[in-house]
Amino acid sequence: MASHDLAESLLPGAGGGGGTSSSHDEYEERAYDSDDKVSISISDSEADDADAGDARPAFSWRKLWRFTGPGFLMCIGFLDPGNLEGDLQAGAAAGYQLLWLLLWATVMGALVQLLSARLGVVTGKHLAELCRDEYPTWATRALWVMTELALVGADIQEVIGSAIAIKILSGGVVPLWGGVVITAFDCFIFLFLENYGVRKLEAFFGVLIATMAISFAIMFGETKPSGKELLIGLVVPKLSSKTIKQAVGIVGCIIMPHNVFLHSALVQSRKIDTKKKSRVQEAVYYYNIESILALIVSFFINICVTTVFAKGFYGSEQADNIGLENAGQYLQEKYGTALFPVLYIWAIGLLASGQSSTITGTYAGQFVMGGFLNLRLKKWLRALITRSFAIIPTMIVALFFDTEDPTMDILNESLNVLQSIQIPFALIPLITLVSNEQLMGSFVVGPITKVISWIVTIFLMLINGYLILSFYTTEIRGAFVRSSLCVVLAGYLAFIIYLIVRNTTVYSRLRSSMAKSS
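In this text the structure is predicted, and so the values were computed from the model without any measurement.

Let's shift gears to the overall build of the protein. When its secondary structure is counted, the protein shows 24 helices and 0 strands. Looking at the protein as a whole, 51% of its 518 residues qualify as buried. Nonlocal contacts in the protein, meaning residues at least 24 apart in sequence, comprise 84% of its contacts between residues at least 6 apart. Carbon and sulfur atoms form 65% of the exposed surface of the protein, whose accessible area is close to 23100 Å².

Right, here's the structure in full:
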C-alpha cells in the first residue's frame with residue numbers, strides 16, 4: 001500500500017479513478033495532456049471545410065494568433081545572458097563588423113528551429129521521444145546525458161545573469177549568491193502559471209520579451225549608434241584575425257542544443273489532427289510564420305545590444321575586459337543618467353533575459369528528461385529535479401566568484417565549450433529524423449533542404465571544433481589531463497560518426513555481415 005500511495009503522489013493522473021487501460025500510449029510520457037492543449041478552431045464550420053480535401057485552409061489572422069506562442073518561447077534561447085554577453089563583447093571588440101555574421105547565424109538558427117517545429121507537428125512527438133524510439137538504449141542514455149550537460153551549462157550562465165541583474169537593481173545589497181537563491185524560485189512561477197493554461201504562460205514570456213525589447217531599444221536611443229555603420233555591418237562581410245574569437249562566440253551562442261528539443265515539444269501545445277494532411281500543413285505553415293516573426297524580434301534585440309557597445313567601447317581600453325558583470329558599470333560611466341539611468345535599464349533587460357531563459361530551461365529540462373527516460377512524474381517533481389541539476393552547481397559558482405574575478409571569464413568560456421560540444425547530439429538526430437520518409441511521410445524534407453541542413457551542421461561543428469581546440473591549447477595544462485581529454489575526445493568523435501552513419505546503407509551492410517559471421 002505504501003508504494004501505491006507513493007505512486008499516487010508522484011505520477012500524473014494516478015489514482016484518478018478513470019479506469020484501467022491496456023493502451024501503451026497511456027503509460028508513455030507526452031509533452032502535453034489533451035486537456036492542456038489549445039484549440040485552434042475559430043468557427044464550427046471549419047472542420048467541414050477541412051474535410052473537403054488535402055489543401056491547406058486559407059490564411060487567417062485569427063488562426064495565426066491561435067498558433068502564436070511556441071516560437072516566442074523558442075526565441076528566448078537566442079536572448080539568454082550568454083547571447084547578450086556574446087553580443088556586447090562582439091560590439092566592444094569588433095565594432096559593427098560582425099553584424100553580418102549575427103544576421104546569418106540567426107538565419108541558420110531559424111532553419112534548425114523550423115525543422116524542429118516541423119518534426120514535432122508531423123509526428124506528434126518531440127525530439128527526445130523520437131530519439132528514444134529511434135536509437136538503442138545505450139545511445140538514448142548517452143544523448144540524454146549530453147543534453148542534460150548542455151542544459152546545466154546554459155542554466156548556470158542564465159542564473160548568474162539574473163543574479164548580476166538583481167545585484168545591480170538592489171544597489172549591491174543582494175549578493176550574487178542571494179540573486180541565485182531568488183532566481184531558483186522561478187520554477188514556482190513557472191508551475192503557478194502553467195496551472196492556469198498554456199496561453200497564460202506564453203503571455204508571461206511575451207511580457208518578458210517586450211521588457212527586453214523596450215529596455216535595449218531605450219539604450220539604443222540614448223547612445224545613438226551610427227545607422228550608416230549598422231547597415232554596412234549587416235551587408236558587408238568583414239572578419240579579421242583579431243575578431244575570430246568574437247565571431248565564433250556569436251555563432252556558437254545562437255544554436256542552443258536544448259532549444260532544439262524544446263521547440264519540437266512546444267508546437268504540440270495546440271490541438272492538431274495529425275491524421276488530416278490539411279491540418280498538418282496548416283500547423284506547419286503558421287508555426288513557420290510565427291517562428292520567423294519571433295526570431296526577427298530576437299534579432300532586433302541582439303542588434304541593439306551589439307551596436308550600443310560598438311558605439312561606446314569599440315577601440316577603448318575597456319573593450320577587452322567587458323562582460324556581463326561589469327557592462328552595466330561601464331555603461332553608467334560612459335553615458336551617465338541621460339534621460340533614463342542606463343545602468344538600471346541594462347539591469348532590467350538583463351533580468352528579463354535571465355528570468356525568461358531560466359524558466360524555459362526548466363521547461364526544456366522536463367521535456368528532455370521525460371522524453372528520453374519516459375518518466376511520468378508530477379510536474380512539480382520534474383521541475384524540482386530539473387532545477388536542482390542547475391541550481392546546486394550555480395550556487396557553488398556564485399559563492400566562489402562573488403567578486404569581479406578574471407577567472408569568471410574562464411568559467412564562462414568553459415561553459416560555452418560545454419554547450420558547444422553538445423550541438424551535434426541535437427542537430428544530427430534532428431536532420432536524420434526529418435529526412436526519414438517512413439516517419440515524416442509526405443512532409444519529409446526535400447534534397448535541397450537536407451543538403452543545406454547538413455552544410456549548416458558541419459559548419460557549426462567546425463566552428464565549435466575551433467572553440468574546443470582554442471580552449472584546449474590555452475586553458476588545459478598537464479600531460480595527464482590532456483591525455484585523458486584526448487581519450488574522451490576519441491569517444492566523442494566515435495559517437496558522432498555512429499549517429500551520422502547509423503541510417504546509411506554502409507552501416508546496414510556492415511551489421512548484416514557481422515551478423516552472418518557470428
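Within this structure, the stated rule accounts for 18 aromatic pairs. Where Phe-204 meets Phe-205, the ring centres are 5.8 Å apart and the plane angle is 65°; that geometry is what we call edge-to-face. The partly exposed category is assigned to Phe-204, whose relative accessible area is 25%. Relative accessible area serves as the criterion here: at 1%, Phe-205 is assigned to the buried category. The interplanar angle of 35° and the centroid separation of 5.0 Å between the aromatic rings of Tyr-363 and Phe-367 together place this pair among those described as tilted. Of the two residues, Tyr-363 and Phe-367 both sit in helix 17 (residues 342–373), 4 residues apart, roughly one turn of that helix. Put simply, the rings of Phe-59, Trp-61, Phe-67, Tyr-285, Tyr-286 and Tyr-287 touch in pairs and so form one group of aromatic residues. Directly above the aromatic system of Trp-65 lies the positively charged group of Arg-199, at a separation of 5.3 Å from the ring centroid.

What follows is about the packing of helix 5 (residues 81–94) against helix 15 (residues 277–313). Two elements in contact, helix 5 and helix 15, have axes separated by 7 Å at closest approach and are oriented at 35°. Crossing geometry of helix 5 relative to helix 15 is assigned as right-handed. On helix 15, the residues touching Leu-84, Asp-87, Leu-88, Gly-91 and Ala-92 of helix 5 are Asn-302, Val-305, Thr-306, Phe-309, Ala-310 and Phe-313.

Let's shift gears to unusual backbone geometry. A positive phi is found at Lys-224, a non-glycine position, where the angle reads about 55°. One can find Lys-224 in the loop between helix 11 (198–223) and helix 12 (227–235).

Another point: the packing of helix 11 against helix 15. Two numbers describe how helix 11 lies on helix 15: the axes approach to 9 Å, and their chain directions differ by 30°. The two elements helix 11 and helix 15 cross, and the hand of that crossing is left-handed. Residues Ile-209, Met-212, Ala-213, Phe-216, Ala-217, Met-219, Phe-220 and Thr-223 of helix 11 touch helix 15, and the partners they reach there are Val-297, Phe-300, Ile-301, Cys-304, Val-305, Thr-307, Val-308, Phe-309 and Lys-311. For the contact of helix 11 with helix 15, a count of residues per class yields 14 nonpolar, 2 polar and 1 charged.

Using the criterion set out here, one finds 6 salt bridges in the structure. Here Lys-125 makes a salt bridge to Asp-133, at a shortest N to O gap of 2.7 Å. Taking relative accessible area as the criterion, Asp-133 reaches 42% and is therefore assigned partly exposed.

The next thing to look at is the nonpolar core. Phe-216, Met-219, Phe-309, Trp-346 and Tyr-363 are the most contacted members of the largest nonpolar core, which totals 144 residues. Ranked by residue count, the leading element in this core is helix 15, at 16 residues.

Within the element layout of this structure, Thr-307 appears in helix 15. Considering only alpha carbons, one finds Thr-307 and Glu-229, 78 residues apart in sequence, at a separation of 9.2 Å. Non-local contacts of Thr-307, meaning those with residues more than four positions away in its chain, are made with Tyr-96, Leu-99, Phe-220, Pro-225 and Leu-230.

The next subject is the confidence of the model for the protein. Averaged over all residues, the pLDDT of the protein is 82; the fraction at 70 or higher stands at 85%. Here residues 13–27 scores under 50 on pLDDT; set against residues more than four positions off or in separate chains, the count is 10 contacts.

Let us look at a nonpolar patch on the surface. Together, Trp-177, Val-181, Phe-185, Phe-188 and Leu-399 make up an exposed nonpolar region whose accessible area comes to about 510 Å². Position of Leu-399 among the secondary structure elements: in helix 18 (residues 379–400). Leu-399 sits in the exposed class, given a relative accessible area of 55%.

This paragraph deals with helix 17. The terminal C-alpha atoms of helix 17, which comprises 32 residues, lie 46 Å apart, in line with the 46 Å expected from a rise of 1.5 Å per residue. Counting buried positions along helix 17 yields 28 of 32 residues, so the element is predominantly enclosed. Of the residues trailing helix 17, Asn-374 is marked for its positive phi of about 55°.

By secondary structure assignment, the location of Gly-221 is in helix 11. When the C-alpha atoms of Gly-221 and Cys-304 are compared, they prove to be 9.2 Å apart, with 83 residues separating the residues in sequence.

Here is what the cut-offs are and how they apply
- Residues numbered from 1 in each chain as written.
- Predicted model: local features only at pLDDT ≥ 70, side-chain atom pairs only at ≥ 80, totals over all residues.
- Heavy atoms only, no water.
- Helix = DSSP H or I, 4+ residues; strand = E, 2+ residues; numbered from the N terminus.
- Buried < 20%, exposed > 50% of the residue type's maximum accessible area, 1.4 Å probe, protein only.
- Contact = heavy atoms within 4.5 Å.
- Areas by Shrake-Rupley, 256 points an atom, 1.4 Å probe, with all protein chains shown as cover.
- Phe/Tyr/Trp six-rings, centres within 6.5 Å; stacked < 30°, edge-to-face > 60°.
- Lys NZ or Arg CZ within 6 Å of the ring centre and 35° of its normal.
- Axes fitted to C-alpha atoms, helices over the stretch in contact; angles between N-to-C directions.
- Left-handed = near helix turned anticlockwise from the far one by under 90°.
- Nonpolar A, V, L, I, M, F, W, Y, C, P; charged D, E, K, R; others polar.
- Salt bridge = Lys/Arg side-chain N within 4 Å of Asp/Glu carboxyl O.
- Core = buried A, V, L, I, M, F, W, Y, C linked by side-chain atoms within 4.5 Å.
- pLDDT = per-residue confidence, 0-100.
- Patch = residues over 30% accessible without salt bridge, like charges linked within 9 Å, V, L, I, M, F, W, Y side chains within 5 Å.
- Expected span 1.5 Å × (residues − 1).

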